[in-house]
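Coordinate inspection notes
The lines below spell out each chain.
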Amino acid sequence: MVAALERGLSASKSFNFKRMFDSSSTKQQQPQTIVVENGDSHLVESNTPESQNSDYLADSPVESTPPMISPLNRPGKRPDRQQADTEMMKDRFAKLLLGEDMSGGGKGVSSALALSNAITNLAASIFGEQTKLQPMPQDRQARWKKEIDWLLSVTDHIVEFVPSQQTSKDGVCTEIMVTRQRGDLLMNIPALRKLDAMLIDTLDNFRGHTEFYYVSRDSEEGKQASNARSNDKWWLPPVKVPPGGLSEPARRMLYFQKDSVTQVQKAAMAINAQVLSEMAIPESYIDSLPKNGRASLGDSIYKSITEEWFDPEQFLSMLDMSTEHKVLDLKNKIEASVVIWKRKLHVKDSKSSWGSAVSLEKRELFEERAETILVLLKQKFPGLPQSSLDISKIQFNKDVGQAVLESYSRILESLAYTVMSRIEDVLYTDSLALKQTLLAEETSDGGRTTETDSESAGSSNSGEETEKLDPRYSKTLLDFMGWSDNSSKSSEKPTKSPGLTPKKFSYLENLNGFRSPKARH
């Protein structure tokens, strides 16, 4: 009897073991054959709980025990995904530790520049395909959130010592030093994350919007598109709106989203400008400068800035700024002269090559005028590429925290500019549709009275409609930064020359805004 029970136990255990590792075809046949082969099945069935459990498993289908076979034969998708994410994170941080030098010879860039390039390249791969005003695909959005969290996690370990109070058990209060995330990172990283979320939410707000759509440039409808702005943006798909233009709620929503993106760009530009101003000027950049402002600016520009009466608007109106290259060249010259004049202010040795022969008051006046010109250039050309000074600062910067803040704010500024440009494309197409509708109505009406009424109504609303619909009257950097131009408010605004019209074609549109400073240099 005991021997029969032992044989029954061994049979039931071997049966369970076979059911876990045998193929599915064998599993369906084994329950009946095993019970018959071992004999004394009535003893196993009636007297032992182990054998009863064995018979229950034998009568049940294979699918009744998925937890037993899933870890061995059917691994889930979550471990595979986690393993892939782990390998990707290892690859990212290995490149950062090697300084982008895969040979391991120690010839790579600094950790700050490697991290800045990593954030820049990630943004280019994620947002570079945002050619339409539509939500980001879920896979790209998830990848952006995951990988930017990896790169920003470095800032959690950049700390500083701050005083704190500690109370012991006996009630004695002691002042100690504790670590806290560095002040600039503690303030700006959450703000940049909020701006990042606002931009993604702005794109998500256009989900299911059907009043405007995009057509392929190769299609017949795309070839017939009469959008004048598409000449500069030939790689973008043309925008199409209904013949009568957008509805009033849709147009109002677009203006609201544009204002929201404007605020995001305003905040990102302020953070980026603040971080760049705090970066040290590399010695290599200073060594490349001439020893006086006249040699940097040229005789004509230097004479205009140093005259007793100076008007920055009139000064810019006299210069040729028809191309982006000329504007950038002027910005480089102005920034170089500001650095020269500031250095002269701190050099007291008159025998030094950096010594100044001009009085301190005049030197400060010239520096203030040059900085005013830089502000106006940023106002009129918000999509201007980075200057030589900015590129040099980023390339030779050793502060990892500043590198993260600069690169993160720069890509958010670029994305905000891209989204705002897409919104302006739709609004401009809507303005063309409204003008065509108005011309068609005037043509259909042959009466003189109707034409007179149309012209009077058009003239009364021309200023407001032109300011709203024409992209040339879109908000400038002066509005973004919250600065006010008192001179323009007190006097009549001078007529804009064609050279001062903001160029909407920008390096940001061609992903140069995402390229690393080292690559552009």
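The rules behind the values
Residues numbered from 1 in each chain as written. Predicted model: local features only at pLDDT ≥ 70, side-chain atom pairs only at ≥ 80, totals over all residues. Heavy atoms only, no water. Helix = DSSP H or I, 4+ residues; strand = E, 2+ residues; numbered from the N terminus. Areas by Shrake-Rupley, 256 points an atom, 1.4 Å probe, with all protein chains shown as cover. Core = buried A, V, L, I, M, F, W, Y, C linked by side-chain atoms within 4.5 Å. Buried < 20%, exposed > 50% of the residue type's maximum accessible area, 1.4 Å probe, protein only. Contact = heavy atoms within 4.5 Å. Polar contact = N/O pair within 3.5 Å; in protein donor to acceptor, adjacent residues only side chain to side chain. Axes fitted to C-alpha atoms, helices over the stretch in contact; angles between N-to-C directions. Parallel < 35°, antiparallel > 145°, perpendicular 65-115°, else oblique. Left-handed = near helix turned anticlockwise from the far one by under 90°. Nonpolar A, V, L, I, M, F, W, Y, C, P; charged D, E, K, R; others polar. Salt bridge = Lys/Arg side-chain N within 4 Å of Asp/Glu carboxyl O. Phe/Tyr/Trp six-rings, centres within 6.5 Å; stacked < 30°, edge-to-face > 60°. Pairing = 2+ DSSP bridges. Expected span 1.5 Å × (residues − 1). pLDDT = per-residue confidence, 0-100.

1. Observations regarding the overall build of the protein chain
Regarding its fold elements, the protein chain presents 24 helices and 4 strands. A total accessible area of about 29000 Å² is found for the protein chain, and carbon and sulfur atoms account for 53% of it.

2. A look at the nonpolar core
If you look at the biggest cluster of nonpolar residues, it comprises 55 residues, and the most contacted ones within it are L133, W144, F212, L254, Y408 and V426. Put simply, the parts of the chain that give this core at least two residues each are α8 (111–127), α9 (138–152), α10 (183–204), α12 (248–278) and α20 (400–444). Ranked by residue count, the leading element in this core is α20, at 13 residues. Setting aside its immediate chain neighbours within four residues, W144 contacts L122, A123, I126, F127, D196, I200, Y408 and I411. In terms of nonpolar packing, the next biggest core, distinct from the first, is built from 22 residues, F366, A370, L374 and L377 among them.

3. Brief notes about the side chain of S409
Relative to the helices and strands, S409 resides in helix α20. Taking the relative accessible area as the measure of exposure, S409 reaches 0% and is therefore buried. Here N272 takes part through its side chain, which lies 3.1 Å from a polar atom of the side chain of S409. Apart from the residues within four sequence positions on either side, S409 is in contact with L192, A268, I271 and N272.

4. With respect to the side chain of S110
Topologically, S110 is positioned in the loop between α7 (77–98) and α8. Residues within four places of S110 in sequence aside, it is in contact with N397 and K398.

5. Some points on the packing of α9 against α20
Two numbers describe how α9 lies on α20: the axes approach to 11 Å, and their chain directions differ by 155°. Here α9 is positioned roughly antiparallel relative to α20, judged by the angle of their axes. Relative to α20, the crossing made by α9 is left-handed. Listed contacts from α20 to W144, I148 and L152 of α9 are V404, Y408 and I411. Residue composition of the contact of α9 with α20, grouped by class: 6 nonpolar, no polar and no charged.

6. Considering the pattern of salt bridges
Applying the stated criterion across every chain yields a total of 20 salt bridges. Salt bridges linked by common partners bring E248, R251, R252 and D430 together as one network.

7. Side note on the packing of aromatic side chains
Evaluation of the coordinates by the stated rule reveals 5 aromatic pairs. Here the aromatic rings of F206 and F212 are separated by 6.3 Å at their centres, their planes lie at 70°, and the arrangement is edge-to-face. Look at F212 and Y214: their rings are 6.4 Å apart centre to centre, the planes differ by 85°, and that puts the pair in the edge-to-face class. One aromatic cluster in this structure is built from F206, F212 and Y214.

8. Side note on the environment of V162
Residue placement: V162 occurs in strand β1 (residues 159–167). Judged by its relative accessible area of 16%, V162 is buried. Distance from V162 to R182, taken between C-alpha atoms, is 9.7 Å for residues 20 residues apart in sequence. In contact with V162, other than residues within four places in its own chain, are I176, M177, V178 and R180.

9. Some details on the pairing of β1
In terms of strand pairing, β1 meets strand β2 (residues 173–181) through 9 bridges, oriented antiparallel. Following the sheet pairing, T167 is matched in β2 by C173. Between β1 and β2, which pair antiparallel and follow one another directly, the connecting turn spans 5 residues, one of which, G171, has a positive phi of 90°.

10. Some thoughts on the packing of α12 against α20
Relative orientation of the contacting elements α12 and α20 amounts to 155°, with a least axis distance of 8 Å. As judged from the angle between their axes, α12 and α20 are roughly antiparallel. The way α12 lies across α20 gives a crossing that is left-handed. Of the residues belonging to the contact of α12 with α20, the class tally is 19 nonpolar, 6 polar and 8 charged.

11. Here's the deal with α20
Along its 45 residues, α20 runs 66 Å from first to last C-alpha, staying within 8% of the 66 Å computed at 1.5 Å per residue. Taking burial as the measure, the 45 residues of α20 include 32 buried ones, the bulk of the element. By the N-cap criterion, in which a side-chain oxygen at the helix start approaches the backbone nitrogen of a residue two or three places on, α20 is capped by D399, the distance to G401 being 2.9 Å.

12. Some remarks on the environment of P242
With respect to the helices, strands and loops of the structure, P242 is situated in the loop between β4 (239–240) and α12. Each C-alpha atom of the pair P242 and Y213 lies 9.4 Å from the other, and the pair is 29 residues apart in sequence. Contact partners of P242, with chain neighbours within four places excluded, come to E211 and A433.

13. Here's the deal with the confidence of the model for the protein chain
Interpretation of the predicted coordinates at a detailed level should be avoided for regions scoring low in pLDDT. Averaged over all residues, the pLDDT of the protein chain equals 74, while 65% of them reach at least 70. Looking over the protein chain, one finds the lowest element-wise mean pLDDT in helix α3 (residues 30–38), namely 41, and the highest in α10, namely 95. Low pLDDT, under 50, characterises residues 448–452; the predicted model gives this stretch 3 contacts beyond four residues in sequence or across chains. Confidence drops under a pLDDT of 50 for residues 454–481, and excluding neighbours within four residues, the segment shows 40 contacts in the predicted structure.

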